[in-house]
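If you want the building blocks of each chain, they are given just below.
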Amino acid sequence: MNKSNSNAVSTPALANEPAEKASRKGNLHLIQYGIFIIFGLYYVIVTILRPGFLSLGNFYDIFIETSIISFVSFGEAIVIAAGGLDLSVGNMAGAAAMLTCHLMSNMGYDIWVSIVAGVAIGGLIGLGNGLMVTRLHMNSLIATLGTMFVLVGFLYGITGGVSVHIVPENFEYLGNGTFLNIPIPMYIMAVVFVLAYLFMEKTSYGRNITMIGGNIEACRLSGVNIKKLTLMTFVICGFLSTFSGILLAARQAVGNVDLGERFLLEGFIAAMLGTVIFNGKNIITGTLLGAIFLVSLLNGLTLLGAGPQWMYFAQGALLLVAIMANYYSKRSMLKLPGKK
Amino acid sequence: MQKQPITPKGIINNYGATFAFIIAIIFFSFASQGFFSGQNLQNILVQSTSLGICAFGLTFVLITGEIDLSYGGVIGLVGAVLAGMLKDGHSIGLVTVVCLAIGLGTGLLNAILIVVLNLPSFLASVAVMFICMGAERIYNQGVTTWIRDPSVLSIVQGSVGPVPLPVLYLFALFFICWFLQTQTKAGQYVRALGENISAVKEVGIRASLLKSGVFVFAGLIFAFAGYIEILRIGGAVMYAGSHLLLSVLAACFLGTATFKAGKANFPGTLIGAFFLYTLLSGFTALGMKFYLVPFAQGLILIISVAISSARRGKIEQVQF
Amino acid sequence: MGGQENIVIRTEQVSKSFPGVRALKELDFEVTRGEVHALCGENGAGKSTLMKIIVREYVEDEGNIFIEGHNVEGLGIRGVQELGLSIIHQELNLIPMLTVAQNICLGREPVNWIGKIDWKSMRKMAEEFLSEVTSEIDVENFVENLSISEQQLVAIARSLVTSPRILILDEPTARLDQKSSDSFFSFIERAKQKDLTVVYISHRLEEIYRICDRVTVLRDGKKIITEQINELPQTELVKYMLGREITQQVPKESVPIGEVKLSVKDLFPKEKGANINFDLKSGEILGIVGSIGAGKSEVARAIFGADPKKKGTISVAGKEVKINTPQDAIREGLALIPEERRDQGLVGNESVRKNMTMAALKKKFCVGPSWIQKDKEIEAVETSIRTLRIATPGTEQEVQFLSGGTQQKVVVAKWLMSDSSIYIFDEPTKGIDVGGKYDIYKLIVDLARQGAGIIFISNELMEVLSLCDRVLVMFNGQIIKGLETVATNREELLFYVMGGRDYAETANNSKGYH
Amino acid sequence: AKQKVVGVSNLWLGNDWNARANQTIIDYLEKKGCKVISTNAGGKTGQQKADVENFVSMKVDGIIIKGGEGDAFLDVSKKAWDANIPIVTVIMFLPYAVHNSVEDSWQGSTNLAVWLVNQMRGSGKYIGMDAAGWHTLEVRKRAYGEVLRWFPEIKMIGKWHEVNPADPVNNAYKITKATLRAHPDLKGVATTWGLPAVGAIKAIREMKKEKQVSIISIDQEAALLAQMHKPNCPATAVVGIEPIVQGTEAAKALWAAMEYKTVQEAKANLPALSVIGVSYVATKGVDEFKPKKIYKSVNACWDGNFSGTKLKKPW
Ligand SMILES: Nc1ncnc2c1ncn2[C@@H]1O[C@H](COP(=O)(O)OP(=O)(O)OP(=O)(O)O)[C@@H](O)[C@H]1O
Ligand SMILES: Nc1ncnc2c1ncn2[C@@H]1O[C@H](COP(=O)(O)OP(=O)(O)OP(=O)(O)O)[C@@H](O)[C@H]1O
Ligand SMILES: [Mg+2]
Ligand SMILES: [Mg+2]
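These figures come from a predicted structure and were not determined experimentally.

Chemist: Lay out the overall build of chain C in plain terms, naming residues and giving numbers.
Modeler: Within chain C one finds 19 helices and 22 strands. For 514 residues, the compact-globule estimate of 2.2 N^0.38 gives 24 Å, and chain C sits close to it at 24 Å. Reported as C-alpha extents along the three principal axes, the dimensions of chain C are approximately 70 × 60 × 55 Å. By residue count, 61% of the 514 residues in chain C fall in the buried class. Taking the intrachain contacts of chain C between residues at least 6 apart in sequence as the baseline, contacts between residues at least 24 apart amount to 66%. Here chain C holds 65 positive side-chain charges and 74 negative ones, and the gap between their average locations is 4 Å.

As structure tokens, then:
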């Protein structure tokens, strides 16, 4: 290790500025956590109007739904962290679900074989996305848009549009069963959450993935294997997306061709909330919170009997509130010049 | 202006999708009798009109280095208001003005969020899309509204001589956009803005004003696209915007592989829009299975963009 | 100096704060007509901030600014341009995918009656302004194809488009090589004759003494002194800037030279350039100099595997190695401190800690395959911060909030952590103040003393001469000369940098004629 | 003779009914020796219109437009008419079609509504779930309303909910469940298409309200039938249009139409409209759906209704 002999260097510079910097912190938290305050208020209001909102049953409902979209959201968040975007998550989820259902119910394969096949196809498509981005240097937005079209063809190709009714009962257990009174999807979510959290925050892979999102060239010149890691994000995303698709199919006991479509926007919103809630740090926890916010927002509105228009407004508003909170907390740090 | 070495590889890189397009047309013409007829080619032009026009708006925004997905809501909202107001007996003149005003309004909203408040355009425009979808739903109460007045319908369904009106609109708008972007000062700045915004600010150009202008202009174009789409269908079907959401993106991205490798541009977008409908029409003419259409559209998007990205030599990241 | 009417820029009690930093404190500053006014100060002294306020990119918190007697309150960027002010920023702000002509005329394009740009007269206009600074760039070329030096010249040409009477130059020569510097200085001479007022920010003392009339020194956002340049000896000036005295500029030290560490044979970086051959020994500091786009960075990047090379073999410690990616290079003990630290060296929105451990994360701070040990990391980073005197409030500060010099130290610290034995420094002192430079020289010498081999790429001939043992001169992609620094001088070096063939003969000839 | 080419334009193929009906049409016409090209517009009216336009310019021999909105095809169907291409529509109406084969949504829906009223004993809360903008669903919704509006004691909670067509089961499940939490006394669920009912059944089961809530729905989706087949299904009645019957009917009509020289001739000879009757499935209280009688002659009708009365036969 080369440690320079610093005593000889008489550096004067810059000693003055850092001392003052500490004071920035204060007001920042308030803005940054504004979204928590808003949601706190929202929960209180819904509870007053509809006491059913604050019941254990509803709590479970929210969490099961959260767990189903959480996998897609984690995957999307990881891709976003490395500076990519995956538009094909919904169709990957759909493809995995339909393939699993098709193999299991129409072709009579064993449940586990079918699930493994479903998960594998997600991983494979993810790999394809990743290769397009890393080897062919395509913009991920475009590459995954292409994949999305291809998958729509694939989905209709294998099923002809007919929905698959799920025959094996123990497959449904995955989505509907409980263990120790707690729904199975929540266990799966908990495990995936912990793994994803550890992966992103505690391993060099996760660290480097976020660094790539910050400045890819600097990472490359520092010996970070950007191709491998970027590829990895897409594979993980494909892989995790299948969980959402298969669990949803298990939960509703039927696989319909369009089943995954909803995951694109929901996963994207949750993942974006995740990357902004803690200012780009700790995205996995952020994403989980984002998913909870999204699900509970819509759940509360349904309890209130709100029409579909309010659902749209609510999702739009949620996105705006989140990015504004992020923006103002960043700005109070940077005080972007030129903006008088 | 352009001065780049002309090599076979360079041509393929820059014009990959253009070649694919030409090859597709030749292939379909030989493989099926019905395809290469005046009627069918005219169909393709007419069908791509609203998609193409909407994609011009997006192209403008993409050139500034931003993205604007709000058209996914604007088109539907404009449609709902258009059909609804006509049903209530308002004159088409007034209705047209209101429709364009909606485009102006959503464009302004985008501009405020993205330029003034400096929010990331991807997210902000998705939020605006949601808001427009909500507004659309409030306006039409979830019901499709039909337009019965033939004189109104003829604005889009009519033709001058042998040329259908939508084709005229498409090419007129194409020419306007192309001229504005490549031949005028403001257009230069828009391109420059997308490349290096501080350079533009430095020479005293009001970059934020310009960018806002682009969003507002795009909003107007989106509204116009919605107007055309709904009059072509003959009624305001629900969520017409989200029907076009992905195809418009695909057309713009195909466009980046058509003329200027990697950069959004108007001739490219125009061809991209034609391409998508050429595939639909060609595959139908060949009697292919329906699910092969999205399959082929996706593959061609991937392949042509892959060719034009190959020389990039590094991983491209998405900016929000 | 003259009366009020001769004062073209005047600031009164200007203050400006960024969150946590007071960049300017009640600053009074005056520039008189026709002078070349130097603005000196360390990194972060507030020079650029002051200029940005004057050109209305930033708005001051307090105080007044007058240009040609007009209060600029309420004026925009265009407004002050109309008062005859033009600025060339420290950062290069060109648009890569537009042509040189489009860049130069940006904002002033000639148009015909329908608003269509008149391409022909635009081209003529661009050529006219570009010829003021150089005659070697084609205005139809795309800026992305130009070297950084050439781009800087284009940026200068662009600032002339508004026909300014006051020109603010924020470190214009930081990116210029020797040759373009010369044509740049002759441009300044001509400008002076045309009564142009120039505010000149630079860290290069020799330039300041060569062209400036007066100098203002800033320190910590405060004005320390304004003085006629010829009444202020260099050592005094440095003292004012630093608030202390630096006795020696470069800590030259003779280090025993050892075995060959790195040997480059028949290297062809990219298409251009040819046949690079050289050896680097341990303990040696090998300088590489050369003019605009001579290919110095290209060679460095090719060795490091940052760009694909056409062919060539690289041996480390006598053994031939295959280096195709930076990872290969790092495995062989190479380190590259890249030219553009913001773009290539740092992840701006991440902390000092994460940036510093980036290159050695897996090797030194992970257990198992990839489990990060944060305590170990923090400890190492804190040690680095202490030993390199990195001015950061803590390990978790985002590097984008640090000053340029501090950022460069973070980059260097990153490589120190990776236990490299061959360091390639690509213009490490660019845009860094005297104190910062000194620290970096010191560090390089320390590394050499510990037996590392060092390649030091620079455009400042003086620093190369005093720091390096040997220097290679590149011209047009080739190494045209290798020289021992003790046996050469600035003139000889410059001669080769400019593409000369045989110095001894030329020198003799010229002697003969006189 | 030359092989005939037929274009089948589907608005959407994403559920059982549509997939099945489409396949029936293809099978029927292929057996007759036609080449069948079927397209899927994925729910996008604009694209469906483009599909039909393509068929017309390809000069196919006949076109079936299945699903969608007749108004959107006014101009293109005129073109087809002029080009002598017969069009048959399925579950939509089009003036230029030589034959329209539609389903009996109105009667089916009013019957379902009657059943629901009976199940709810004339009072209580219910929710409605629908998808926006689909013509056939709109008819069903109105038919429900036509019956229910006479029972002021039966109240809808909020407005009709809009179920996302891409996520019908789970979406309906969430809506039903959340509503049950807010309104534990919910007694009825009305949906206008099959898959939302699947979600609703699941929600009701999980909330253990099978005894309390009754569901009505149209479409005999496989998945829905499967749910009804399971024990402890809440009282459910569904009405279905049989896809095979509907598909065969349409294909038959087109085949017949193509035998004529001109479309005018075809239209003159074929019935302009046929209505495919619905079938009922109910897990409880089936009596409301007694089969309706058809009198084949006026005399039989008289005998059935007035014989033995003082009324005198007027003929
Ligand atoms: N946009 C900004 N946001 C926050 N702080 C800033 C910003 N711009 C400058 N600063 C801070 O203001 C101080 C003065 O910076 P300035 O760029 O004026 O220094 P300088 O004298 O030009 O230095 P250099 O020689 O490195 O260019 C520094 O502490 C810097 O960190
Ligand atoms: N006249 C020129 N026109 C266009 N490109 C040029 C010209 N001269 C050099 N270049 C480009 O410059 C690059 C070599 O630059 P490189 O960065 O290696 O030079 P350098 O010696 O490090 O210069 P600098 O002092 O600017 O850092 C090559 O990629 C080459 O294509
Ligand atoms: Mg500066
Ligand atoms: Mg260089």
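Chemist: Describe the overall build of chain A, listing the residues and the values that go with them.
Modeler: The helix and strand inventory of chain A stands at 15 helices and four strands. Put simply, chain A has 340 residues, and 66% of those count as buried. Of all intrachain contacts in chain A linking residues separated by at least 6 positions in sequence, the fraction that spans at least 24 positions is 76%. Of the roughly 11500 Å² of accessible surface on chain A, 70% is carried by carbon and sulfur atoms.

Chemist: Go over the environment of Ile422 of chain C, please, and point to the residues and values.
Modeler: Residues and elements named next belong to chain C. By the element assignment, Ile422 lies in strand S19 (residues 422-426). Taking the C-alpha atoms as reference points, Ile422 and Asn71, 351 residues apart in sequence, are found 55 Å from one another. Other than its neighbours up to four places away in sequence, Ile422 contacts Lys261, Leu262, Leu280, Val316, Gly333, Leu334, Ala335 and Gly453.

Chemist: Give me the sheet that holds strand S4 (residues 87-90) of chain D: which residues, what numbers.
Modeler: All names here are of chain D. Pairing is parallel across the open sheet formed by six strands, whose spatial order is S2-S1-S3-S4-S5-S12. Of all strands in the sheet, those with a lone pairing partner are strand S2 (35-40) and strand S12 (273-276), marking the two edges. Going across the sheet, the axis of each strand differs from the next one's by a mean of 15°, ignoring polarity. In this sheet, S12 lies alongside strand S5 (residues 99-103) in parallel orientation, the contact comprising four bridges. Pairing of Ser101 across the sheet is with Ser274, part of S12. Against the sheet, helix H2 (residues 45-58) contacts strand S1 (5-10), S2 and strand S3 (62-66), and its axis sits at roughly 170° relative to S1.

Chemist: Talk me through the confidence of the model for chain A; I want residue IDs and the actual numbers.
Modeler: Reading fine detail from the predicted coordinates is not recommended where pLDDT is low. Residues and elements named next belong to chain A. Summing up the model confidence of chain A, the mean pLDDT is 84 and the portion of residues at 70 or higher is 87%. pLDDT under 50 marks residues 1-26. Its contacts with residues more than four places away, or in other chains, come to 58 contacts. Across residues 334-340 the pLDDT falls below 50, and counting only partners more than four positions away or on other chains, this stretch makes 13 contacts in the model.

Chemist: Mind laying out helix H1 (residues 16-31) of chain D, listing which residues take part and the relevant values?
Modeler: Residue and element names in this part refer to chain D. With 16 residues, H1 extends 22 Å between its outermost C-alpha atoms, agreeing within 8% with the 22 Å of an ideal straight helix rising 1.5 Å per residue. Buried within H1 we find Asp16, Trp17, Asn18, Ala19, Ala21, Asn22, Thr24, Ile25, Ile26 and Leu29. Gly33 lies just past H1 and shows a positive phi near 95°.

Chemist: Mind laying out the sheet that holds strand S3 (residues 36-40) of chain C, listing which residues take part and the relevant values?
Modeler: Residue and element names in this part refer to chain C. Pairing is mixed in the open sheet, where six strands are placed in the order S6-S7-S8-S3-S9-S10. Both edges of this open sheet fall to strand S6 (85-88) and strand S10 (222-228), since each of them pairs with a single strand only. Each strand of the sheet is rotated relative to its neighbour by a mean of 15°, with strand direction disregarded. Two strands pair when backbone bridges link them, and S3 and strand S9 (residues 214-219) are joined in this way by four bridges, in the parallel orientation. Bridge pairing in S9 links Leu39 to Thr216. Those strands touched by helix H1 (residues 47-54) are S3, S6, strand S7 (166-170), strand S8 (197-201) and S9, and its axis lies near 130° from that of S3. The strands that helix H6 (residues 178-193) touches are S3, S7 and S8; relative to S7, the one it contacts most, it runs at about 155°.

Chemist: Just give me the short version of the packing of helix H4 (residues 56-81) of chain A against helix H14 (residues 283-303) of chain A, but keep the residues and values in it.
Modeler: Residue and element names in this part refer to chain A. Direction vectors running N to C along H4 and H14 enclose 140°, while the axes themselves pass 7 Å from each other. Considered as vectors, H4 and H14 are oriented oblique to each other. Both H4 and H14 take part in a crossing whose hand is right-handed. Each of Asn58, Ile62, Phe63, Glu65, Thr66, Ile69, Ser73, Phe74, Ala77, Ile78 and Ala81 in H4 lies in contact with H14, whose residues at this interface are Ile283, Ile284, Thr287, Leu288, Ala291, Ile292, Leu294, Val295, Ser296, Asn299 and Leu303.

Chemist: Give a detailed account of the interface of chain C and chain B, specifying residues and quantitative values.
Modeler: Contact residues are listed per partner, giving 28 residues for chain C and 24 residues for chain B. Joining chain C to chain B, the criterion identifies zero salt bridges. At the surface where chain C touches chain B, the tally comes to nine residue pairs in polar contact (both at pLDDT 80 or more). The greatest single-element share of the side of chain C that touches chain B, amounting to three residues, is contributed by helix H2 (residues 77-82) of chain C.

Chemist: Summarise the coordination of the magnesium ion (ligand 4); cite the residues concerned and give the values.
Modeler: For a metal with four tetrahedral donors the ideal donor-metal-donor angle is 109.5 degrees, whereas six octahedral donors ideally subtend 90 or 180 degrees. Residues and elements named next belong to chain C. Only Ser297 (OG) and Glu339 (OE) from the protein reach the magnesium ion (ligand 4) as donors, at distances of 1.8 to 2.4 Å. A residue pair is termed long-range when its members are at least 10 positions apart, and Ser297 in helix H9 (residues 296-304) and Glu339 in the loop between strand S16 (334-337) and helix H11 (341-345) qualify at 42 residues. Here Ser297 matches Glu339 in class, with each residue buried.

Chemist: Can you break down the arrangement of the chains residue by residue, with the values?
Modeler: No other pair of the five pairs of chains in contact has as many contacts as chains A and C. No interface is formed between chain C and chain D, the nearest pair of C-alpha atoms being 37 Å apart.

Chemist: Account for helix H10 (residues 204-214) of chain A, with residues named and values stated.
Modeler: Of all eleven residues that make up H10 of chain A, eight are buried, and the element is covered over most of its length. Of the residues making up H10 of chain A, those classed as buried are Ser204, Gly206, Arg207, Asn208, Ile209, Thr210, Met211 and Ile212 of chain A.

Chemist: Tell me what's going on with unusual backbone geometry, and back it up with residues and numbers.
Modeler: In the Ramachandran plot, Ala317 of chain C falls in the positive-phi region, its phi being about 50° despite a non-glycine side chain. Locating Ala317 of chain C in the fold gives a position in the loop between strand S14 (309-316) and strand S15 (319-321). By relative accessible area, Ala317 of chain C is classed as exposed at 57%. A positive phi is found at Ile91 of chain D, a non-glycine position, where the angle reads about 40°. The topology assignment puts Ile91 of chain D in the loop between S4 and S5. Taking the relative accessible area as the measure of exposure, Ile91 of chain D reaches 12% and is therefore buried.

Chemist: I'd like a rundown of the pattern of salt bridges, residues and numbers included.
Modeler: Under the definition given, this model contains 48 salt bridges over all chains. A salt bridge links Arg232 of chain B to Glu53 of chain D; the shortest N-O distance between them is 2.9 Å. A residue pair is termed interchain when its members come from two chains, as with Arg232 of chain B in helix H10 (residues 207-233) and Glu53 of chain D in helix H2. When sorted by exposure, Arg232 of chain B lands in the same class as Glu53 of chain D, which is buried. When salt bridges with common partners are traced through the structure, they connect Asp61 and Arg251 of chain A together with Lys177, Arg181, Lys202 and Glu206 of chain D into a single cluster.

Chemist: Explain empty space enclosed by the protein to me, using residue names and the numbers behind them.
Modeler: Empty space left among the atoms is revealed by rolling a probe the size of a water molecule over them. Residues and elements named next belong to chain D. Going through the model one piece at a time under the given rule, you end up with twelve cavities of 30 Å³ or more. Taken as a whole, the second largest cavity holds about 320 Å³ of empty space. Contributing to the lining of the second largest cavity are 20 residues, with Asn18, Ile91, Trp134, Thr136 and Leu137 lying nearest its centre. For the lining of the second largest cavity, the elements supplying multiple residues, two or more each, are H1 and helix H5 (135-148). Top contributing element to the lining of the second largest cavity by residue count: H5, with four residues. Here the lining of the second largest cavity is built from residues that sort into ten nonpolar, six polar and four charged.

Chemist: Outline the site of ligand 2, listing residues and values.
Modeler: All names here are of chain C. Inspection of the region around ligand 2 gives 16 residues, with Asn145, Lys296, Ser297, Glu298 and Glu339 positioned closest. Residue Lys296 places a side-chain N or O atom 2.7 Å away from an oxygen atom belonging to ligand 2. Secondary structure elements with two or more residues in the shell around ligand 2: helix H5 (148-159) and H9. Residue classes in the shell around ligand 2 are distributed as two nonpolar, eight polar and six charged.

Chemist: Please set out a nonpolar patch on the surface residue by residue, giving values where relevant.
Modeler: A grouping of Ile37, Leu41, Val44, Ile45, Ile48 and Leu49 of chain A is seen on the molecular surface, where their side chains present a nonpolar patch of about 600 Å² in accessible area. Mapped onto the secondary structure, Ile37 of chain A falls in helix H3 (residues 34-49).

Chemist: Report on the packing of aromatic side chains, specifying residues and quantitative values.
Modeler: On inspection of all chains with the given rule, the structure shows 45 aromatic pairs over all chains. Both rings, one in Trp12 of chain D and one in Trp134 of chain D, keep their centres 5.7 Å apart while their planes meet at 75°; by these two values the pair is edge-to-face. Residue Trp12 of chain D is found in the loop between S1 and H1, and its partner Trp134 of chain D is found in the loop between strand S6 (124-130) and H5; the two are separated by 122 residues along the sequence. Under the relative-accessibility criterion, Trp12 of chain D is labelled buried at 8%. On the basis of relative accessible area, Trp134 of chain D is assigned to the partly exposed category, the value being 22%. An aromatic cluster is defined as three or more aromatic residues linked by ring pairs; in this entry it consists of Phe36, Phe39, Tyr42, Tyr43, Phe53, Phe278 and Phe293 of chain A.

Calculation criteria
Residues numbered from 1 in each chain as written. Chains lettered and ligands numbered in written order. Predicted model: local features only at pLDDT ≥ 70, side-chain atom pairs only at ≥ 80, totals over all residues. Heavy atoms only, no water. Helix = DSSP H or I, 4+ residues; strand = E, 2+ residues; numbered from the N terminus. Rg over C-alpha atoms; globule rule 2.2 N^0.38 Å. Buried < 20%, exposed > 50% of the residue type's maximum accessible area, 1.4 Å probe, protein only. Contact = heavy atoms within 4.5 Å. Lys, Arg positive; Asp, Glu negative; His and termini not counted. Charge placed at Lys NZ, Arg CZ, Asp CG, Glu CD. Areas by Shrake-Rupley, 256 points an atom, 1.4 Å probe, with all protein chains shown as cover. Pairing = 2+ DSSP bridges. Axes fitted to C-alpha atoms, helices over the stretch in contact; angles between N-to-C directions. pLDDT = per-residue confidence, 0-100. Expected span 1.5 Å × (residues − 1). Parallel < 35°, antiparallel > 145°, perpendicular 65-115°, else oblique. Left-handed = near helix turned anticlockwise from the far one by under 90°. Salt bridge = Lys/Arg side-chain N within 4 Å of Asp/Glu carboxyl O. Polar contact = N/O pair within 3.5 Å; in protein donor to acceptor, adjacent residues only side chain to side chain. Donors = N, O, S within 2.8 Å, 3.2 Å for Na, K, Ca; no water. 1 Å grid on protein atoms, 1.4 Å probe; cavity = no way out; pocket = protein on both sides within 12 Å on 5 of 7 lines; lining within 4 Å. Points joined across faces, edges and corners; volume = space filled by probe spheres on them. Nonpolar A, V, L, I, M, F, W, Y, C, P; charged D, E, K, R; others polar. Near = heavy atom within 4 Å. Patch = residues over 30% accessible without salt bridge, like charges linked within 9 Å, V, L, I, M, F, W, Y side chains within 5 Å. Phe/Tyr/Trp six-rings, centres within 6.5 Å; stacked < 30°, edge-to-face > 60°.

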